[in-house]
Amino acid sequence: MNSSSSRSESSRKWHSAHSAKMMVVLLLLLLSGGVVVIISSCCFVQLSSPAETAHSLAAQEHLMMQRRRLATKDANNDDTSTRSQTQQMSTISITSKFNEKRSFLDPSWKEWGDALVQFETLVSPSELDFTISRRLPWEQDDSPEKCDDILLLMPEYFARNGHGSQLNSYLLAAMMATFLGKAMLILDAPQKNTKYPNGSMSSIFNGIIGVMFWENLVCLTLSQLHQFGCPVDAFKDKKEFEQFTGNNHKHLEMKEDFPMGMSRLLKHSTLLSRGCKMPTCNGFTYDSWEALRKAQKEHFLNGLPPREVSCEDGDRTQRIIPLGGEEVRQFFEAQVMPVILDETKKSEKYKWIIRLGANAHEAQVFLKLTKEADIWDFVSALMARSGILTFQPWVARDVAQYIRQKIDLPLNSGYDAIHVRRGDKLETESRQEVVAYWHSQGYDRVEQFPTNYIPFRHYLRLWDSTDCENYWYGFQTQSNIRLVYVATDDPMTVKEEIAKLPKGSDGTTIVAGCKKVKFIFAPFSEDGDTAFHINEGGGKTDCYVRYNRNIRAIADLMLLTKADTFVGEFVSNWGRIIRLNRLILNDSPRVGEINQSSHNWLKKSADEDPEPPAYIRDIRVAFGDLVSPPPGW
């Protein structure tokens, strides 16, 4: 039995055992009329309502429909074979123009910038645009008008999802807010409204926390503490934390004013917030805003714009739209996306792309784009350059410490990275890709498949493109060893696959008969936590342990994004975040036109592809679509 089937069997037994325990507890409570406090990570899993299951399936189908729509639209404009050739040619042009070897640390930034900034964003600091504030009108003065229109993002709805889902939701909300010309503020759920209490036992019993309703059943959970965990900075007494020798940090007191929710992970950009304060709106509470957010569904179903609330703020009136991640997706697709893709809406598109960080020349280039994939690539590259995804200082500090101390990877030299996602994706988004792969290998029936996943050798085959003769010509030195970082939720199986490959005398792995490779993995957690993402492996009773898992995940995300060559997929939210942050705007004045110099020198035909609006650092797609969805999708 392979490790994957062993994990599945163990998981089945674990859930069965806990289901039995829960039934006993519920029976006792029905007899006693008590309050249920179930300390179990299976609480959410076992009590998933039919509505939640249907919503999950609907979301997957919605994503597939979006991919088909994009592919169909491109097919109407280009021949299928031509489109395939274009994608291949694009990869070649990307490689030749932007694939110079680079390191994790930005060497130019080291000379004049704060070293910690290297770990605050997923792009190199020198690639960020620090001049945006000079171009935006609300950055030039302190006019109160900049806060008259606000989009209030309430991210609690997606708090149970992984990093990729939550970060993508944030990016989509950023596009929505800037398109509507509104400041964007984050309203995180307070202690009593969140499924993820801060961790302090005194806080937990001061109110009802972690409530999830299913019919008439209320489940209160203490197991899944704050969604991104608790850094040292969140504890009230740092000395008490350092001297603590117990196994559960929930007994320590937390700071009441430490950021919650999404704000604990991300440093909200002033490009989006405009420096506005949270509206008081005549004493509105979180529950008031939550009721308004839920009411948005009726507006969406009736084809109306998002409901807007007017509030008095001194002598001014604020217009506020409260939206959660799901509402942002619905309204963006139905009402914002059609305008962005409408070639006649030049005024709206120009103002929007300027608010998102483009300069006047780039905005004019954007207006010339007609292909949907080009539009989204341009917007994605712009959002990456604007530094919209910037992590909080404590996250950057701890990611830097983790990478420097735990990952055996030199940060001043080049490396490649491979992302092997298995786990839960094998039964959802990746299932059809696994089936397609084994069919291509000559296996007709699922029962005949050697494994229920795509083997690691497939990723290696995509990564390797070296001609042995040229690779070894003239020298054979230590510098020939190529470093490859492997991020995976199935490290044991991947290591077993690598162990079967040929080995060199120096312990390296021989790939393609000539290339010497050293594979690097993240170490196993010292606390025994083997989950790859924050939404896997069940909740942790220790908020600090969950935070360490959060740090490991962000470190993986950075290492994958900043690699020279990345091998992965765009089926998952994780992969799409990586792709977005590997895009770079093309600053050529001939974007959208035929590159005449290249045309003359290479003597290509007159139907040569125009210069793309954005380049992407070398990516090899292991499986899934190459179609570019909107950022945050």
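About the cut-offs
Per-chain numbering applies: the sequence of each chain, read as written, is numbered from 1 onward. The model is predicted, so local features are restricted to residues of pLDDT at least 70 and side-chain atom pairs to those at 80 or more, both for listing and for counting; the totals for chains, interfaces and linings are taken over all residues. Each side-chain value is derived from all of the structure's non-hydrogen atoms; neither hydrogens nor water enter the calculation. Here, any two strands with at least 2 DSSP bridges between them count as paired. In this description a helix means any DSSP run of H or I spanning at least four residues, a strand means any run of E spanning at least two, and both kinds are numbered starting from the N terminus. Lines are fitted to the C-alpha atoms to define the axes, a helix being fitted only along its stretch in contact, and any angle between axes, read from their N-to-C directions, falls within 0 to 180 degrees. Whether two residues touch is decided by their heavy atoms; if any such pair falls within 4.5 Å, the residues are in contact. Classification of ring pairs rests on two measures: the distance between centres of Phe, Tyr or Trp rings, Trp counted by its six-membered ring, which must be within 6.5 Å, and the angle between planes, read as stacked under 30 degrees, edge-to-face over 60 and tilted in between. Summary of the burial criterion: residues with accessible area below 20% of their type's maximum are buried, those above 50% are exposed, and those between are partly exposed, where the area comes from a 1.4 Å probe applied to protein chains only. For our purposes a nonpolar core is just a set of buried Ala, Val, Leu, Ile, Met, Phe, Trp, Tyr and Cys residues, chained together by side-chain atoms within 4.5 Å. Disulfides are defined as cysteine sulfur pairs within 2.5 Å.

J.: Outline the sheet that holds strand 2 (residues 183–186), supporting the account with residue identities and numerical values.
T.: Strand order in the open sheet formed by 4 strands is 2-1-6-5, with mixed pairing between adjacent strands. Single-partner strands in this sheet number two, and they are strand 2 and strand 5 (309–313). When the angles between neighbouring strand axes are averaged without regard to direction, this sheet yields 35°. Across 4 bridges, the pairing between strand 1 (residues 149–154) and strand 2 is parallel. Opposite Leu 153, over in strand 2, you have Ile 186 as the bridge partner.

J.: Could you give an account of the sheet that holds strand 8 (residues 482–488), with specific residues and numbers?
T.: Taken in spatial order, the 6 strands make up an open sheet running 9-10-8-7-11-14, and their pairing is mixed. Single-partner strands in this sheet number two, and they are strand 9 (509–511) and strand 14 (619–621). Adjacent strand axes in the sheet meet at a mean angle of 30°, parallel and antiparallel pairs treated alike. Sheet topology note: the strand 11 (residues 566–568)/strand 14 ladder contains 3 bridges and is parallel. Along strand 14, the bridge assignment pairs Phe 566 with Ile 619. Packed onto the sheet, helix 21 (residues 491–499) meets strand 7 (416–420), strand 8, strand 9 and strand 10 (515–521) and runs at close to 165° relative to strand 10.

J.: An account of the packing of aromatic side chains is requested, with residue identities and associated values reported.
T.: Applying the stated criterion across every chain, the model contains 18 aromatic pairs. Judged by centre distance (6.0 Å) and plane angle (70°), the ring pair of Phe 179 and Trp 352 falls under edge-to-face. Residue Phe 179 is located in helix 8 (residues 163–180), and its partner Trp 352 is located in helix 14 (residues 346–355); the two are separated by 173 residues in the primary sequence. Taking the relative accessible area as the measure of exposure, Trp 352 reaches 0% and is therefore buried. Aromatic side chains Phe 456 and Tyr 459 sit 6.4 Å apart centroid to centroid with 25° between the ring planes, which places their arrangement in the stacked category. Of this pair, Phe 456 and Tyr 459 are both found in helix 19 (residues 456–463), 3 residues apart, which corresponds to roughly one turn of the helix.

J.: Quick rundown of the environment of Leu 272? Include the residues and the values.
T.: Structurally, the position occupied by Leu 272 is in helix 11 (residues 270–273). Placed 121 residues apart in sequence, Leu 272 and Leu 151 show a C-alpha to C-alpha distance of 9.7 Å. If we ignore the near neighbours within four places in the chain, the residues touching Leu 272 are Tyr 170, Ala 174, Thr 178, Lys 182, Ala 183, Met 184 and Ile 388.

J.: Go over the nonpolar core with me, naming the residues and quoting the values.
T.: Counting 106 residues, the largest nonpolar core has Phe 119, Tyr 170, Phe 332 and Ile 353 as the members making the most contacts within it. Residues within four places of Phe 332 in sequence aside, it is in contact with Leu 172, Met 175, Met 176, Met 337, Pro 338, Ile 340, Trp 376, Pro 630 and Trp 633. The next biggest cluster of nonpolar side chains, apart from the first, holds 24 residues, and it includes Ile 454, Leu 460, Val 511 and Phe 519.

J.: With reference to specific residues and values, describe the state of the cysteines.
T.: Put plainly, a disulfide is one covalent bond tying together the sulfur atoms of two cysteines. Inspection of every chain in the model, using the stated rule, returns 3 disulfides. In this model, Cys 147 is linked to Cys 276 through a disulfide, with the two sulfur atoms separated by 2.0 Å. An S-S torsion of about -95° defines the bridge between Cys 147 and Cys 276 as left-handed. Here Cys 276 lies in the loop between helix 11 and helix 12 (286–301) and Cys 147 lies in the loop between helix 7 (137–140) and strand 1, a separation of 129 residues in the sequence. Residues Cys 147 and Cys 276 agree in their burial class; the two are buried.

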